[in-house]
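# Examining the three-dimensional arrangement
Here is how the chains run, residue by residue.
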Amino acid sequence: MSRFWVGLFFLVAAFVGCDDGFEDYSYSPDDLLAFSADTVAFDTIVSAVRTPFGAFMVRNWHDKALLISSISLANGANFRINVDGRAVAAGGALSNVEILANDSLYVLVVAQPMLNNLDEPKEILDHIVFVTNGVTQSVVLQAVAQDAEICTAGMNITTDATLGSAKPYVIYDSLVVQAGATLTIPAGARLYMHDMAEIVVHGTLQLLGTEANPVTIRGDRFDQMVGIPYDRIPGQWGGIWFDSQSYNNVIEHARIRNGSQGLTFANADTILPKLSMHNTVLTNFKGMLVSAANCRMEFDGCELSNARDGLLHLNGGKYTVNHCTIANYYFNSRAEYGWGNTKDETVFLRDNTQATFENTIIWGANYNSTSRISFAENAENLHAEFNNCLTDNDPKFRIIMSEDPAKAEFIYDFRLQAGSPALLGGGEYIGCYPAD
C-alpha cells in the first residue's frame, strides 16, 4: 500500500473516531426539554397586521445533548416562528435540531392573524410542537384577533360623514376633516392611531360617546416595552389639532390617551364656541395636554391628567371649567422612555384670558402652592375665578401607580378615597368623580 493510501486511511479513521459532542445524545424519554414559558400570549391584535415578536427559551438542563426530532406549528395559519435564526413556514417543520447539554435555543413568535370576517374579537390558538426521543411537548400560542378598518393612506373627510362603530379603525398617516365638513364619531367607536398619525380638524369634529360605550382614541400598539404596555406610554401618535376656523366641536364621553400633543387649538375668536367637552378622560401625553389661543370653550365632568408640559394652557379667550379633575402625576424619572422634564405645573393662564373654575380639583405630584397654577407676569385683562375648588389640599386620589417605580404599571385612578376633602357630604363633591 502506497504512502498516499496509508495516510488517507489514517486521516479518515481520525475523522470517524473524532467525538465533537453532538453525537453523544441522550435517548432517554425522561430527559425532557424545559421552556421559559408554557404560553406566549398576545393582547388584542388587529387581523392581518403583523405583531412585534414574542419570545421564549427552550432549555436542555441535562448532561447530554438532545436531538429534537421535529419542531412545528400544529396549525400554522395565524402564527410564524423562528428557532435560533431558522424560520418555520406554515405547514413546515424543522428536523433534527441539536441542543447541547445545559444549553438553550431562542424561539421568536410573531402573530399575523387572518381576517375573521366578524365584528367581534375572536380568540386564536396554536401550539409549537416539539418531539424529542418520542415524547411530544408543546408551547401554547394565544391571541385575540380583531378585524379592523385599515386606513393605510389616512382618511380625508370632505363632506359630512359618520364613522361606524362595529370595528375599530387603524389610522396611518392622518385623519383630516376638511373645512365645511362635520365628522361624527359615534358611541363605541375606536380609533387606533399609528406612529405620528394625527387628527386635523378644519371643519367640525363630534365625538358622541356614552357612559357605557365611550369613544376611544389611542395608539395602535398592543404589545409591551420592558414590561410596560405601550397603551400606558406617551408619544404613541401625534395628537388632535383644530384650525382657527374650526368651531362647534363636541367631545362627549371619550377616552383619549397616549399621544404626543393632546388637543391644540389655533388662534380663533370667542364669538362661536370652539369646543364643548363633557365626561371625557384626556390623559398621558408627552407634550401639552390642552393648548388654546383666544377660544371659547367649556369643560364639564372631565379628567385632564398626566402630561409632561402641563395640562391646560389658556392664552386669551373665555373658558368655563366645572366639576373637573385636573391632576398632573406625569412620571418623570424614566426620561429614556419619553418621560421627564416636567416642572409639574398644571394650569397656565396668559393675557386676555377669562376663566372660571368651579367645583374643580387642581393638583399633582411634587407640587408646592405656587406651581399648580401659573399666571403670566404683568398680564393684561387676565381674570380667573376659582369657586369651590380644591387647589391647596391633597385630594387623596385612590391609586397613583405602584409604590415601587421599578415595577410601576402606570395605572392611575383619580377617584377619591374615603375621607377626601373633595367629598363634601350629602352627595356633593369636587372634581369629576363622586364617591362610589
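Here the structure is shown first, and the text comes after it.
Treat the numbers as computed from the prediction; the structure is a model and nothing was measured.

What follows concerns the nonpolar core. If you look at the biggest cluster of nonpolar residues, it comprises 58 residues, and the most contacted ones within it are Ile217, Ile240, Ile256, Leu312, Ile326 and Phe357. At five residues, strand E29 (residues 290-300) tops the list of elements feeding residues into this core. Formed by 28 residues, the second largest nonpolar core is a distinct cluster that contains Phe42, Phe56, Ile128 and Val139.

Here the focus is the sheet that holds strand E14 (residues 169-171). Across the sheet, which stays open at both edges, the nine strands sit in the order E11-E14-E17-E20-E25-E28-E30-E32-E35 with parallel pairing between neighbours. Strand pairing shows two members of the sheet lacking a second neighbour, strand E11 (149-151) and strand E35 (361-364), which therefore form its edges. For this sheet the average axis-to-axis angle between neighbouring strands, irrespective of direction, equals 10°. Bridge count between strand E30 (residues 303-307) and strand E32 (residues 325-328): three bridges; the pairing is parallel. Considered in E32, the bridge of Ser305 is made with Ala327.

What follows deals with the pairing of strand E24 (residues 249-252). Side-chain direction in a regular strand flips from residue to residue, so the side chains alternate between the two faces of the sheet. Residue alternation in E24 divides its side chains into a buried set, Asn249 and Ile251, and an unburied set, Val250 and Glu252. Taken together, the three bridges between strand E19 (residues 204-208) and E24 define a ladder with parallel strand orientation. Across the sheet, residue Leu207 finds its bridge partner in E24, namely Ile251. The sheet contact formed by E24 and strand E27 (residues 275-278) spans four bridges and is parallel. Residue pairing across strands places Asn249 opposite Leu275, the latter belonging to E27.

Cut-off values and rules
Residue numbering note: each chain is counted from 1, following its sequence as written. Given that the model is predicted, a residue must reach a pLDDT of at least 70 before its local features are reported, and side-chain atom pairs must reach 80 or more before they are shown or counted; all residues, however, enter totals for whole chains, interfaces and linings. Heavy atoms throughout the structure, all of them, feed into the side-chain values; hydrogens and water do not. Working definition of a nonpolar core: buried Ala, Val, Leu, Ile, Met, Phe, Trp, Tyr and Cys residues. They are joined through side-chain atoms within 4.5 Å. Residue burial is assigned from relative accessible area. The probe radius is 1.4 Å, only protein chains are included, and a residue is buried under 20% of its type maximum, exposed over 50%, and partly exposed in between. Here a strand is any run of E in DSSP of at least two residues, a helix any run of H or I of at least four, and the numbering for each starts at the N terminus. When DSSP finds at least two bridges between two strands, those strands are taken to pair. Note on geometry: axes are lines fitted to C-alpha atoms, helical ones only across the stretch in contact, with angles between N-to-C directions running from 0 to 180 degrees.

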